[in-house]
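# Notes for the structure review
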Amino acid sequence: QVRLVESGGGSVQAGESLKLSCLYTGTVGCIGWFRQAPGKEREGVASIRSLGSISLYADSVKGRFTISQDKSKNTVYLTMNSLKVEDTAKYFCAPAPSDRCPAVLAGARGFHPWGQGTEVTVSS
């Protein structure tokens, strides 16, 4: 079974940066990053395919966030630059089969299991 642990969240000022990590156990074809703000539905942020590092981003984060991976460490990263107040949320990672990787932009369907999440708070 796959297990995931998210880390790297914290409280920052708008315009600053954070780098989140998703440590996974097992073999995965794709890892997606999602976020959920209080009272809101879970939103797909980005995904990366293990083979070829093909990545996708939500329009709301494109140009500011970068998803990357270090296969030797079984870790996927989400580097978040130019953070905005609206980026405030709990961030989760979850795996999916490689052919489901594009589905991150349509929601979390097909991505499971989930880690505990890491909180990101951006203040102005």
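Above this note sits the structure.
Residues numbered from 1 in each chain as written. Predicted model: local features only at pLDDT ≥ 70, side-chain atom pairs only at ≥ 80, totals over all residues. Heavy atoms only, no water.

## Section: the overall build of the protein
Within the protein, the secondary structure is distributed over zero helices and ten strands. Each helix and strand of the protein, ordered N terminal to C terminal, gives the series β-β-β-β-β-β-β-β-β-β. Judged by the C-alpha coordinates and their principal axes, the protein covers about 40 × 30 × 25 Å. Restricting the contact set of the protein to residue pairs at least 6 apart, pairs at least 24 apart contribute 58%. Carbon and sulfur atoms make up 48% of the accessible area of the protein, which totals about 6400 Å². Side-chain charges of the protein comprise 14 positive and 10 negative groups, with the mean position of each set lying 5 Å from the other. (Helix = DSSP H or I, 4+ residues; strand = E, 2+ residues; numbered from the N terminus. Contact = heavy atoms within 4.5 Å. Areas by Shrake-Rupley, 256 points an atom, 1.4 Å probe, with all protein chains shown as cover. Lys, Arg positive; Asp, Glu negative; His and termini not counted. Charge placed at Lys NZ, Arg CZ, Asp CG, Glu CD.)

## Describing the environment of E16
Here E16 lies in the loop between β2 (10–13) and β3 (18–25). The class for E16 is partly exposed, based on a relative accessible area of 38%. Distance from E16 to S123, taken between C-alpha atoms, is 9.9 Å for residues 107 residues apart in sequence. Aside from chain neighbours lying at most four places away, what touches E16 is M80, N81, S82 and L83. (Buried < 20%, exposed > 50% of the residue type's maximum accessible area, 1.4 Å probe, protein only.)

## Points about the packing of aromatic side chains
Applying the stated criterion to the full structure yields three aromatic pairs. Aromatic pair F34 and F111: ring centres 5.1 Å apart, planes at 70 degrees, arrangement edge-to-face. Of this pair, F34 sits in strand β4 (residues 30–36) while F111 is found in the loop between β9 (89–96) and β10 (118–123), placing the two residues 77 residues apart along the sequence. F111 matches F34 in its accessibility class, with the two residues each being buried. Ring geometry for F34 versus W114: centroids 4.9 Å apart, planes at 65 degrees, classification edge-to-face. Within this pair, whereas F34 is found in strand β4, its partner W114 is found in the loop between β9 and β10, the two being separated by 80 residues in sequence. (Phe/Tyr/Trp six-rings, centres within 6.5 Å; stacked < 30°, edge-to-face > 60°.)

## Describing the sheet that holds strand β6 (residues 55–57)
On the basis of which strands lie adjacent, the open sheet formed by six strands has the order β2-β10-β9-β4-β5-β6 and mixed pairing. Unpaired on one side and paired on the other, β2 and β6 mark the two borders of the sheet. The sheet shows a mean angle of 25 degrees between the axes of neighbouring strands, taken without regard to direction. Here β2 runs beside β10; their pairing, made up of four bridges, is parallel. Bridge pairing in β10 links S11 to T121. (Pairing = 2+ DSSP bridges. Axes fitted to C-alpha atoms, helices over the stretch in contact; angles between N-to-C directions.)

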